[in-house]
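# Architecture at a glance
Okay, here's what each chain looks like letter by letter:
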Amino acid sequence: MIAIEAKGLTYSYDGKSNAVDQLTFQVEKGEVFGFLGPSGAGKSTTIRLLTKLIAPPPGKVFILGQDMSKANHSFYKKIGIAFENDVLYPTLTGYENLIFHAKLFGTGEAEVNDILKKMDLYKSKDKKAGEYSKGMKTRLVLARALVTNPEVLFMDEPTSGMDPEIAAYVREVIRKMNQKGTTMFLTTHDMNEAEKLCDRIAFFNNGKIVELDTPESYKKRFGEKTVTIEQSGKKHTFTQDGDLTSLLAMIGSKEFESIHSQEASLEEIFIKVVGRGLKGGA
Ligand SMILES: Nc1ncnc2c1ncn2[C@@H]1O[C@H](COP(=O)(O)OP(=O)(O)O)[C@@H](O)[C@H]1O
Ligand SMILES: [Mg+2]
């Protein structure tokens, strides 16, 4: 079954260039689907369009079969949205932020306490959200999206600004939610995150999907395995389809210090396919 379907989604902020351009894709139920792209690619705009936070002039979105142009408030109970730099109520505590949101959607105290614990925020639940660190705010935003136990979850750069250790913990929470059946759409500019979380990754640039595949298949299709051999302090790198005669001779001579094989990273593949890197300006 299809959980998310976008058909010809297009959006322009200035009427000149399209931030999202004729976007069409489908996400299967239970899948973790990622948009990987640099800053300014149109990732956040895509989430706003999918969740009807801005209305697309042309184009259609269906979530769990529901035409989003006709969705009412109660449908939003089925979806969770976690935005980067989202607005929390800064003078309310973490707990109050969550209980307020939970009650809007008919969820209660037990779920709030449970998600606070899962997000490692329980100890800080009575602190004002405005006093939280950036990483804690991001976790609170994610907790708020999860507290209603959504069927489909949208996350915009879910671990951005977190310490690596906390980011790894949050990814684990995300993975567990997915294993319970939540369909997930996430955006990221972090190839490591995309690779660790996503079943399929769309390479996204200039409002368009440039390529769409599984992490493993990207590596098979575009990745070149290399072998680096160090001899007399000099490094020699060989690619799989290159001339391997001298590599074999070096190995045969047994006069080498080290030998390493390496797979192409998703970031290298992104550059190869899209023609630009994931970091750098908007
Ligand atoms: N509120 C806005 N008003 C005008 N332009 C915007 C606005 N938000 C984003 N943009 C522009 O739309 C493009 C896509 O932005 P965005 O969706 O935020 O990309 P990403 O999330 O991939 O960094 C960028 O060129 C950005 O400058
Ligand atoms: Mg963004």
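In case you missed it, the structure is sitting above this.
Each value, and the rule that gives it
- Residues numbered from 1 in each chain as written.
- Chains lettered and ligands numbered in written order.
- Predicted model: local features only at pLDDT ≥ 70, side-chain atom pairs only at ≥ 80, totals over all residues.
- Heavy atoms only, no water.
- Helix = DSSP H or I, 4+ residues; strand = E, 2+ residues; numbered from the N terminus.
- Buried < 20%, exposed > 50% of the residue type's maximum accessible area, 1.4 Å probe, protein only.
- Contact = heavy atoms within 4.5 Å.
- Areas by Shrake-Rupley, 256 points an atom, 1.4 Å probe, with all protein chains shown as cover.
- Lys, Arg positive; Asp, Glu negative; His and termini not counted.
- Charge placed at Lys NZ, Arg CZ, Asp CG, Glu CD.
- 1 Å grid on protein atoms, 1.4 Å probe; cavity = no way out; pocket = protein on both sides within 12 Å on 5 of 7 lines; lining within 4 Å.
- Points joined across faces, edges and corners; volume = space filled by probe spheres on them.
- Pairing = 2+ DSSP bridges.
- Axes fitted to C-alpha atoms, helices over the stretch in contact; angles between N-to-C directions.
- Phe/Tyr/Trp six-rings, centres within 6.5 Å; stacked < 30°, edge-to-face > 60°.
- Lys NZ or Arg CZ within 6 Å of the ring centre and 35° of its normal.
- Nonpolar A, V, L, I, M, F, W, Y, C, P; charged D, E, K, R; others polar.

## Quick look at the overall build of the protein
Tallying secondary structure elements over the protein gives 9 helices and 13 strands in all. C-alpha atoms of the protein, sized along the principal axes, occupy 70 × 45 × 35 Å. For the protein, the residues scored as buried account for 47% of the 282 residues in total. Within the protein, contacts between residues separated by at least 24 positions form 66% of all contacts whose residues are at least 6 apart in sequence. Counting only carbon and sulfur atoms, one obtains 51% of the accessible surface of the protein, whose full area is about 14100 Å². One finds the centroid of the 38 positive side-chain charges in the protein at a distance of 5 Å from the centroid of its 37 negative side-chain charges.

## Examining empty space enclosed by the protein
If you roll a probe as big as a water molecule over the atoms, it shows you where there is empty space left. For the structure shown, the criterion picks out 1 cavity of 30 Å³ or more. Here the largest cavity is characterised by a volume of approximately 40 Å³. Every residue along the wall of the largest cavity is listed here: Ala-82, Phe-83, Glu-84, Thr-138, Val-141, Leu-142, Asp-156, Glu-157 and Pro-158. In terms of residues, the lining of the largest cavity owes the most to one element, helix H4 (residues 134-146), which gives 3 residues.

## A look at the pairing of strand E12 (residues 234-239)
Sheet analysis places strand E11 (residues 226-231) next to E12, joined by 6 bridges and oriented antiparallel. Bridged to Ile-229 within E12 is His-236. What sits between the antiparallel neighbours E11 and E12 is a turn of 2 residues, in which Ser-232 has the positive phi angle 50°.

## Some details on the sheet that holds strand E1 (residues 2-11)
Strands pair in a sheet through their backbones, by hydrogen bonds, and they do so in one of two ways: parallel or antiparallel. In spatial order, the strands read E2-E1-E4-E5; together these 4 strands make up an open sheet with antiparallel pairing. The strands lining the two open edges of the sheet, one partner per strand, are strand E2 (20-28) and strand E5 (66-67). Sheet topology note: the strand E4 (residues 60-63)/E5 ladder contains 2 bridges and is antiparallel. By the bridge assignment for E5, Phe-62 is matched with Asp-67. Contacts between helix H1 (residues 43-50) and the sheet are confined to E1, E2 and E4, with E1 contributing the most and set at about 115° to the helix.

## Focus on the packing of aromatic side chains
For the structure on display, the rule yields 13 aromatic pairs. Aromatic side chains Phe-203 and Tyr-218 sit 4.2 Å apart centroid to centroid with 5° between the ring planes, which places their arrangement in the stacked category. Placement of the pair is Phe-203 in strand E9 (residues 200-205) and Tyr-218 in helix H7 (residues 215-222), with a sequence separation of 15 residues. Members of the aromatic cluster, connected to one another through ring pairs, are Phe-25, Phe-33, Phe-35, Phe-154, Phe-185 and Phe-204. Lying over the aromatic face of Tyr-95, Lys-125 brings its terminal NZ or CZ to 5.3 Å of the ring centre.

## Overview of the layout of surface pockets
Within this model, the largest pocket holds a volume of roughly 330 Å³. Lining the largest pocket are 17 residues, and of these Ile-81, Asp-86, His-101, Phe-105 and Arg-144 lie nearest its centre. Every element with two or more residues in the lining of the largest pocket is listed here: strand E6 (79-82), helix H2 (94-104) and H4. For the lining of the largest pocket, a count of residues per class yields 11 nonpolar, 3 polar and 3 charged.

That's the geometry; what it means functionally is another story.
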